[in-house]
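Here is what each chain is made of, one letter per residue.
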Amino acid sequence: DQQVKQNSPSLSVQEGRISILNCDYTNSMFDYFLWYKKYPAEGPTFLISISSIKDKNEDGRFTVFLNKSAKHLSLHIVPSQPGDSAVYFCAASARGATNKLIFGTGTLLAVQP
Amino acid sequence: EAGVAQSPRYKIIEKRQSVAFWCNPISGHATLYWYQQILGQGPKLLIQFQNNGVVDDSQLPKDRFSAERLKGVDSTLKIQPAKLEDSAVYLCASSFPGSGGYEQYFGPGTRLTVT
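Residues numbered from 1 in each chain as written. Chains lettered and ligands numbered in written order. Predicted model: local features only at pLDDT ≥ 70, side-chain atom pairs only at ≥ 80, totals over all residues. Heavy atoms only, no water.

Student: What's the story with the overall build of chain A in this structure? I'm lost.
Tutor: The helix and strand tally for chain A stands at zero helices and eleven strands. Starting at the N terminus and walking to the C terminus, you meet the elements of chain A as β-β-β-β-β-β-β-β-β-β-β. In terms of overall dimensions, chain A is globule-like: its C-alpha atoms have a radius of gyration of 14 Å, near the 13 Å expected for 113 residues. A principal-axis box enclosing the C-alpha atoms of chain A has dimensions of 45 × 30 × 20 Å. Looking at chain A as a whole, 46% of its 113 residues are labelled buried. Taking the contacts inside chain A whose residues are at least 6 apart along the sequence as the reference set, 54% of them involve residues at least 24 apart. On chain A, roughly 5400 Å² of surface is accessible, and the fraction owed to carbon and sulfur atoms is 50%. Computing the positive centroid from 11 side-chain charges and the negative centroid from 9, chain A places the two 4 Å apart. (Helix = DSSP H or I, 4+ residues; strand = E, 2+ residues; numbered from the N terminus. Rg over C-alpha atoms; globule rule 2.2 N^0.38 Å. Buried < 20%, exposed > 50% of the residue type's maximum accessible area, 1.4 Å probe, protein only. Contact = heavy atoms within 4.5 Å. Areas by Shrake-Rupley, 256 points an atom, 1.4 Å probe, with all protein chains shown as cover. Lys, Arg positive; Asp, Glu negative; His and termini not counted. Charge placed at Lys NZ, Arg CZ, Asp CG, Glu CD.)

Dropping the structure here:
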């Protein structure tokens, strides 16, 4: 039972253009969502998050949008840079004692110079 | 600020052997997590500690996996005996309670190959 889904295994964009990474979830109890970036041979690095009480959160070139009715969130990177090439994981958590994160399968982003 | 430290970085063992991984979290982080990441999948939580107590070990295969966090700081994860399907990257993460525990900081991981 995959509660967090990233249906695009890979994405290729040109430098300077917008990258849009998508994530869908099934559990309506999830109330906090995060994006992590992972380079080869390194651990995931926290990128940006959003609470379910918001529909948008922005941090520099990165913006996360949340559509609760559709159980969908997306990460926008504008403008994309070659250094953004990495695997991006979406993760979700339900409020509770453990704050357990459920991760998607990841999307490999390649930004072409 | 030093990040989450893990060792070893790589380990190759034969099936039925035992192996142990070590993790040192970020100083002051009370919550520690061990994840298993199989190739092509996202990280899956194995066990979560709050200080030196277990909060969630529902997905830990307890017949072969064990973990401890003595004194609420360092932690070890052990597999005994290993199976071929245990080949994966084992990630340790920690979080500070003040952040709500949502933002977890990961170490570089240990890549385990079972032959």
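Student: Even after reading the chapter, I still don't get the overall build of chain B, so can you show me in this structure?
Tutor: For chain B, the count of helices and strands is zero helices and eleven strands. Secondary structure of chain B in N-to-C order comes out as β-β-β-β-β-β-β-β-β-β-β. Over its C-alpha trace chain B gives a radius of gyration of 13 Å, about what one expects of a compact globule, namely 13 Å for 115 residues. Its C-alpha atoms put chain B at 40 × 25 × 25 Å along the principal axes. Classification of the 115 residues of chain B by burial places 46% in the buried group. Considering only contacts within chain B whose residues lie at least 6 apart along the sequence, 53% involve residues at least 24 apart.

Student: So what exactly am I meant to see when it comes to the sheet that holds strand 7 (residues 62-67) of chain A here?
Tutor: Residue and element names in this part refer to chain A. Strand order in the open sheet made by the five strands is 1-3-8-7-6, with antiparallel pairing throughout. Edge positions in the sheet fall to strand 1 (4-5) and strand 6 (56-59), since each has one partner strand and no second. Bridge count between strand 1 and strand 3 (residues 19-25): two bridges; the pairing is antiparallel. Following the sheet pairing, Val4 is matched in strand 3 by Tyr25. (Pairing = 2+ DSSP bridges.)

Student: Sorry, what's going on with the packing of aromatic side chains here?
Tutor: The geometry of an aromatic ring pair is captured by the separation of the ring centres together with the interplanar angle, meaning the angle of the planes. Per the stated rule, a full pass over the model turns up twelve aromatic pairs over all chains. Both rings, one in Tyr36 of chain A and one in Phe103 of chain A, keep their centres 5.7 Å apart while their planes meet at 55°; by these two values the pair is tilted. Taken as a pair, Tyr36 of chain A in strand 4 (residues 30-38) and Phe103 of chain A in strand 10 (residues 101-103) lie far apart in primary sequence, 67 residues in all. Each member of the pair, Tyr36 of chain A as well as Phe103 of chain A, carries the same accessibility label: buried. Seen from their ring centres, Phe89 of chain A and Phe103 of chain A are 6.4 Å apart, and the 85° between their planes marks the pair as edge-to-face. Of this pair, Phe89 of chain A sits in strand 9 (residues 86-94) while Phe103 of chain A sits in strand 10; the two residues are 14 residues apart in sequence, bridging distant segments of the chain. Ring pairing ties together the aromatic residues Tyr36, Phe46, Phe89 and Phe103 of chain A together with Tyr33, Tyr35 and Phe106 of chain B, which thus form one cluster. (Phe/Tyr/Trp six-rings, centres within 6.5 Å; stacked < 30°, edge-to-face > 60°.)

Interpretation in functional terms is not warranted from these geometric data alone.
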